[in-house]
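# Summary of the model geometry
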Amino acid sequence: MRRSLHLAAAILASTFLSAQTFFYIDGIAVQPASPTTADNVSIDLIGNLSSSGAYIVSASAQVVGSIVTISITAADNGGLAVLVPHTETVAVGQLPAGVYTILFNSQNVADFAPSPQHQFTVVGSGSPCDLVDIVSVQWQAFTDTAIVIHVQNNNPDVLFDYPNFILFDANGDTLAKETVNFFGIAGESWHMLRVQDDAMIPNAPFNGTLELWTFFTDVLSCTWSLPIDLCPPAPCATLIPMIQNFGGALTIGTYSWSISDDGGEAASGIFEMTAQLQFDSDTICIPPGNYGMVVIPNDPPTGGNPVFNVSTEGWISGPSQPVTWALPVVMPFTFYEHCIDGTNAVVEIPTAATLNVLVQDGALLIRRSDARALGAVKLYDALGKVLFTSTATSNTLTIPVGGITTGIVLVQVGDHMQRVVLP
């Protein structure tokens, strides 16, 4: 019986000793702090030994996929029962780029390090510039005085403080320069560069140099030599038509919108504003060219100040215009002016001096006196509803109006709008 009691006591003592903690981990630090694939990574385990006689028996790391498992064992030969600060450094070596998680396989060791310290990121070797993608270098869509840089920074640890870009041609002449407008480059962003007054912008694709400066043009951080085409890729570029209420009251209702060029209607749709949403937009793709946008309210005015406009990705705005409840007013705009080719260019817009509209024998006779093709022609009633649409390839067009109620109609040819009274 006594022998059995001694054996039980020995087993309990062994269990108690194996469950003891001789090293308390309070923090984890990866060295270097922002490792790259070219660095030999090590992990510092920062904490306290449980006594003056405690020590680390062994510590090693094994990497499988994105998991770094640290096997660590502590022991104690006996000593003063005081906490002894200790940092155990575990070598890991070079790692592929990615996000890693630290796990422990421990004996007599307790992990009290904060949860975020159990993860770290390894980025590609080389300069932080290697993780910056220059998505595009293009004209600002609505003016020839600015160039837009679309950039994606894929490095979460490098912000490029107070940045600005400078664009040079193949001869090193400055073409365009950005005024500092951002605290840094985080993720995706668009940067507006002003074309220099004496710059000679190439009218075809060219080889150029793009520099990224930081700290208010004090430090040159990155340089790229790259082929540049300031025009968007064919066949079309993104355009965002939009409406928004800028007034003090709510604007509620729907609005028919259309965008046309000399070939007719390029796009159309319906905007809607509600009590909960005081703006609306759409995304279309149209080729470079000269266009006109019309927005016609489908409901009586309810208040506010609805304004429509066009913009591009990055919310780079073009022209804008208030919505009118009387005669629809065409908002003309040019989309990538320097990229318009012969098939996209709009013919000269007719004026009152060159456009003749007559009512004769139940029809509207429309004629351009300069012999140019009429192009896109639309007929609206007094409320802005479209009654007729066509594209004329000659300088004359006849529109039957016998079934239309007498009163005022609106004839739109290109961007010119003319009022006609039907008998």
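### A closer look at the overall build of the protein
A tally of helices and strands in the protein yields 1 helix and 31 strands. Residues counted as buried form 40% of the 423 residues belonging to the protein. Summarising the internal contacts of the protein: among those between residues at least 6 apart in sequence, 62% fall at separations of at least 24. Per element, the accessible surface of the protein, about 21,600 Å² overall, is 55% carbon and sulfur.

### A few points about the confidence of the model for the protein
On average, the protein scores 86 in pLDDT, and the residues at 70 or more come to 90%. Below pLDDT 50 for its whole length, residues 1–18 participates in 3 contacts with residues either more than four positions away or in separate chains. pLDDT under 50 marks residues 342–349. Its contacts with residues more than four places away, or in other chains, come to 16 contacts.

### Some remarks on the environment of Gly184
Within the secondary structure layout, Gly184 lies in the loop between strand E12 (174–178) and strand E13 (187–195). It is 9.4 Å that separates the C-alpha atoms of Gly184 and Asn164, two residues lying 20 residues apart in sequence.

### Observations regarding the pattern of salt bridges
Counted by the stated rule, this structure contains 2 salt bridges. Between Arg194 and Asp197 there is a salt bridge, with the nearest N and O atoms lying 3.2 Å from each other. Using a relative accessible area of 45% as the deciding quantity, one classes Arg194 as partly exposed. According to the relative accessible area criterion, Asp197 is exposed, its value standing at 73%. Note that Lys378 is salt-bridged to Glu265, the shortest N-O span being 2.9 Å. Taken together, the residues span a long stretch of sequence, with Lys378 in strand E27 (residues 375–381) and Glu265 in strand E18 (residues 264–273) at a distance of 113 residues.

### A word on the state of the cysteines
Summed over the entire model, instances satisfying the criterion amount to 3 disulfides. Disulfide pairing places Cys231 opposite Cys339 at an S-S distance of 2.1 Å. Across the S-S bond linking Cys231 and Cys339, the dihedral sits near -95°, which makes this disulfide left-handed. With a gap of 108 residues between them, Cys231 in the loop between strand E15 (219–228) and strand E16 (237–245) and Cys339 in the loop between strand E24 (331–335) and strand E25 (355–360) connect regions that are remote in the sequence. The exposure class of Cys231 is partly exposed, given its relative accessible area of 22%. Across the protein, the disulfide pattern expressed with sequentially numbered bonded cysteines is 1-2, 3-6, 4-5.

### Re the side chain of Asn48
Its location among the elements puts Asn48 in strand E2 (residues 41–49). One polar contact links Asn48 to Asp26, side chain to side chain, over a distance of 3.1 Å. Ignoring anything within four residues of it in the chain, the contact list for Asn48 reads Phe22, Phe23, Tyr24, Asp26, Leu83, Val84, Pro85 and His86.

### As for the packing of aromatic side chains
On inspection of all chains with the given rule, the structure shows 11 aromatic pairs. Aromatic pair Tyr162 and Phe216: ring centres 4.8 Å apart, planes at 20°, arrangement stacked. You can see Tyr162 sitting in the loop between strand E10 (146–153) and strand E11 (164–168) and its partner Phe216 sitting in the loop between strand E14 (206–214) and E15, a full 54 residues away along the chain. A relative accessible area of 29% places Tyr162 in the partly exposed class. Ring geometry for Tyr255 against Trp325: centres 6.5 Å apart, planes inclined by 70°, an arrangement best described as edge-to-face. Taken together, the residues Tyr255 in strand E17 (residues 253–261) and Trp325 in the loop between strand E23 (316–322) and E24 connect sequence positions 70 residues apart. On the accessibility criterion, Trp325 (34% relative accessible area) is partly exposed. Aromatic ring contacts, followed pair by pair, group Phe142, Tyr291, Phe333, Phe335 and Tyr336 into a single cluster.

### Some details on the sheet that holds E15
Overall, antiparallel pairing links the 7 strands, which are arranged E9-E10-E13-E12-E11-E14-E15 in an open sheet. Each of the sheet's edge strands pairs with one partner strand only, and the pair in question is strand E9 (132–139) and E15. For this sheet, the mean inter-axis angle between neighbouring strands, taken without regard to orientation, is 25°. In this structure, E11 lies alongside E12, joined through 3 bridges in antiparallel fashion. Counted as the bridge partner of Leu167 is Ala176 from E12.

### A look at unusual backbone geometry
A cis amide bond, omega -5°, links Gln31 with the succeeding residue Pro32. Its place among the elements puts Pro32 in the loop between strand E1 (23–31) and E2. Its identity as a non-glycine residue notwithstanding, Tyr336 has a phi of 55°, on the positive side. Take Tyr336: it is sitting in the loop between E24 and E25.

### Focus: the sheet that holds strand E4 (residues 67–76)
Adjacent strands of a sheet form backbone hydrogen bonds with each other and so pair up, either parallel or antiparallel. Reading across from one edge, E3-E4-E6-E8 is the order of the 4 strands in this open sheet, with mixed pairing throughout. With partners counted over all chains shown, the strands left at the sheet margins are strand E3 (54–64) and strand E8 (119–122), one partner each. Each neighbouring strand pair of the sheet contributes to a mean axis angle of 25°, computed without reference to strand direction. Direction of pairing for strand E6 (residues 98–107) relative to E8: antiparallel, over a ladder of 4 bridges. Pairing of Thr101 across the sheet is with Gln119, part of E8.

### Structural notes on the pairing of E14
Both faces of the sheet carry side chains from a regular strand, because those side chains alternate between them. Of all 9 residues in E14, 7 are buried; the element is thus mostly enclosed. Of the strand pairs in this sheet, E11 and E14 are connected by 5 bridges, and their pairing is antiparallel. What sits directly across from Phe168, in E14, is Thr209. Pairing of E14 with E15, which is carried by 9 bridges, proceeds in the antiparallel orientation. Paired with Asn207 across the two strands is Pro227, which belongs to E15. In this structure, the hairpin formed by E14 and E15 is closed by a connection of 4 residues, where Phe215 is found at a positive phi of approximately 55°.

Rules and cut-offs
- Residues numbered from 1 in each chain as written.
- Predicted model: local features only at pLDDT ≥ 70, side-chain atom pairs only at ≥ 80, totals over all residues.
- Heavy atoms only, no water.
- Helix = DSSP H or I, 4+ residues; strand = E, 2+ residues; numbered from the N terminus.
- Buried < 20%, exposed > 50% of the residue type's maximum accessible area, 1.4 Å probe, protein only.
- Contact = heavy atoms within 4.5 Å.
- Areas by Shrake-Rupley, 256 points an atom, 1.4 Å probe, with all protein chains shown as cover.
- pLDDT = per-residue confidence, 0-100.
- Salt bridge = Lys/Arg side-chain N within 4 Å of Asp/Glu carboxyl O.
- Disulfide = S-S within 2.5 Å.
- Polar contact = N/O pair within 3.5 Å; in protein donor to acceptor, adjacent residues only side chain to side chain.
- Phe/Tyr/Trp six-rings, centres within 6.5 Å; stacked < 30°, edge-to-face > 60°.
- Pairing = 2+ DSSP bridges.
- Axes fitted to C-alpha atoms, helices over the stretch in contact; angles between N-to-C directions.

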